[in-house]
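Structural overview for review
Listed below, chain by chain, are the residues.
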Amino acid sequence: MEKTIVCLAGDGIGPEIMESAKKVLTLTERLYEHRFHLQDEAFGGAAIDQCGQPFPAKTLEACLASDAVLLGAIGGPKWDNATERPEKGLLALRSALGLYANVRPVEVDEAVAYLSPLKEESAKDVHFVVVRELTGGIYFSQPKERTADQATDTLTYTRKEIERIVEYAFQLAQTRRKKVTSIDKANVLESSKLWREVAEEVSGRYPDVQLEHLLVDAAAMELIVHPGRFDVIVTENLFGDILSDEASVLAGSLGMLPSASHSETGLSLYEPIHGSAPDIAGQSKANPIAMLRSVAMMLEQSFGLREEAQAIENAISSVLRSGRRTGDLGGTETTVSFTDAVLEAMEEQAPVGRGR
Ligand SMILES: NC(=O)c1ccc[n+]([C@@H]2O[C@H](COP(=O)([O-])OP(=O)(O)OC[C@H]3O[C@@H](n4cnc5c(N)ncnc54)[C@H](O)[C@@H]3O)[C@@H](O)[C@H]2O)c1
Ligand SMILES: CC(C)[C@H](C(=O)O)[C@@H](O)C(=O)O
Ligand SMILES: [Mg+2]
């Protein structure tokens, strides 16, 4: 199989974890006889430094012509006062590619279950996915204004936008444990009242899937107290951002959780849910697991390479089981040494006859 992957390394730990991703992709090419063209493009703060803007037109063109996009992370204190912040570039990218469905799976690897604040038995019950609406809501709605003494953000959702993401969640639930939890703030927000109404309508088309509604404040608590009750969570942009970082605590570290963002055109983007971690950048301290799992999601979901994706997941688990971990998980491995261990495990586990 031959594919072009646009690589947006970005800022902070972004280039370090992108390096890990490229090594794993290069090994996958060799072991499973594929050809991945890895095309670097400027994005985020790095692009501001290069050409004055976080999301250059050339980067957009390359993404649109690619088979999938892989993103490290963007942002950092250096650009916090820039006129066009790196984060603005990220939102523009999501919008330009129409990446409305952000899928963030939350699983607890057995080897590190003891790091979760949950009792180990409850940690084993954690298998859910957050489906976050990614191109609407308070991130994008107008007016968005600022004067010296007043600031305005607007939260708008159309019926169509809600229906599209809720449909996505129900279809995903049909392939899983057939339960959707829709999270909103329908006791206060008009947009949430419409969200709940539309979720009910969509639910009528999926009689085999159970729907429950939960208010976001209660959901924040339930995620920690009874995480085993969740299968597919569907929620709006800002709630999904916050709840998915909260959920990362269950998995032991923010450095563990990957994500996929899907559009209606078939083009998808894969990125860890965490940011550029300026506090540990440049020191080979970043946990590359979220990034490597994002690569596995890309192989499976964009290219249909299930075996290859599973090989990466298995290699990560076996390295964790061997006791090797990065600092965020209480270990002493560096980004580079942990990645090398994953590569070794992939080599060892590759089926005989597959490039060996
Ligand atoms: N998609 C993205 O590119 C993205 C996502 C979130 C935040 N950001 C940006 O990143 C910058 C820093 O934000 P922040 O510090 O609030 O959030 P962050 O996610 O970068 O870091 C939060 C904490 O988690 C740790 N951490 C994150 N990823 C890790 C990893 N892979 N391994 C080990 N530890 C890890 C960091 O060291 C830090 O202590 C900001 O500019 C923010 O806007 C970008
Ligand atoms: C950097 C920021 C704009 C982004 C978001 O809020 O969506 C990040 O937190 C994420 O989760 O990808
Ligand atoms: Mg976030």
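About the thresholds
- Residues numbered from 1 in each chain as written.
- Chains lettered and ligands numbered in written order.
- Predicted model: local features only at pLDDT ≥ 70, side-chain atom pairs only at ≥ 80, totals over all residues.
- pLDDT = per-residue confidence, 0-100.
- Helix = DSSP H or I, 4+ residues; strand = E, 2+ residues; numbered from the N terminus.
- Pairing = 2+ DSSP bridges.
- Axes fitted to C-alpha atoms, helices over the stretch in contact; angles between N-to-C directions.
- Contact = placed C-beta atoms within 7 Å.
- Near = placed C-beta within 6 Å.
- Nonpolar A, V, L, I, M, F, W, Y, C, P; charged D, E, K, R; others polar.
- Domains from an automatic or database assignment.

Some points on the confidence of the model for the chain
Per-residue confidence for the chain gives a mean pLDDT of 96, with 99% of residues at or over 70. In the predicted complex, the global pTM is 0.97; the interface-specific ipTM is 0.99.

Examining the environment of R177
As for its position among the elements, R177 is in the loop between α6 (159-174) and β8 (179-184). For the pair R177 and V232, spaced 55 residues apart in the sequence, the C-alpha separation amounts to 8.3 Å.

Some details on the sheet that holds strand β12 (residues 268-272)
Pairing between sheet strands relies on hydrogen bonds along the backbone, with the strands arranged either parallel or antiparallel. A sheet is described by the order of its strands in space; here ten strands give the open sequence β2-β1-β3-β12-β11-β4-β5-β10-β8-β9, paired in mixed fashion. A single partner strand is all that each edge strand has here, and the edge strands are β2 (35-40) and β9 (210-215). The sheet shows a mean angle of 25° between the axes of neighbouring strands, taken without regard to direction. Where strand β4 (residues 101-107) and strand β11 (residues 258-262) come together, three bridges link them in antiparallel fashion. Within β11, the position partnered with V103 by the bridge is A260. Strand contacts of helix α7 (residues 190-203): β8 and β9, with the helix running at about 165° to β8, the strand carrying the most contacts.

Focus on the site of ligand 2
G75, E87, L90, D241, I273 and G275 make up every residue found near ligand 2. Of the residues in the shell around ligand 2, the class split is two nonpolar, two polar and two charged.

What to know about the domain arrangement of the chain
Per the domain assignment, the segments making up the chain are domain 1 (1-102 + 258-356) and domain 2 (127-249). Computed over C-alpha atoms, the centres of domain 1 and domain 2 are 26 Å apart. Of all the secondary structure elements, the ones that give two or more residues to the side of domain 1 that touches domain 2 are α4 (86-96) and β4. The element contributing the most residues to the side of domain 1 that touches domain 2 is α4, with three residues. Taken together, the residues of the side of domain 1 that touches domain 2 break down into five nonpolar, four polar and one charged.

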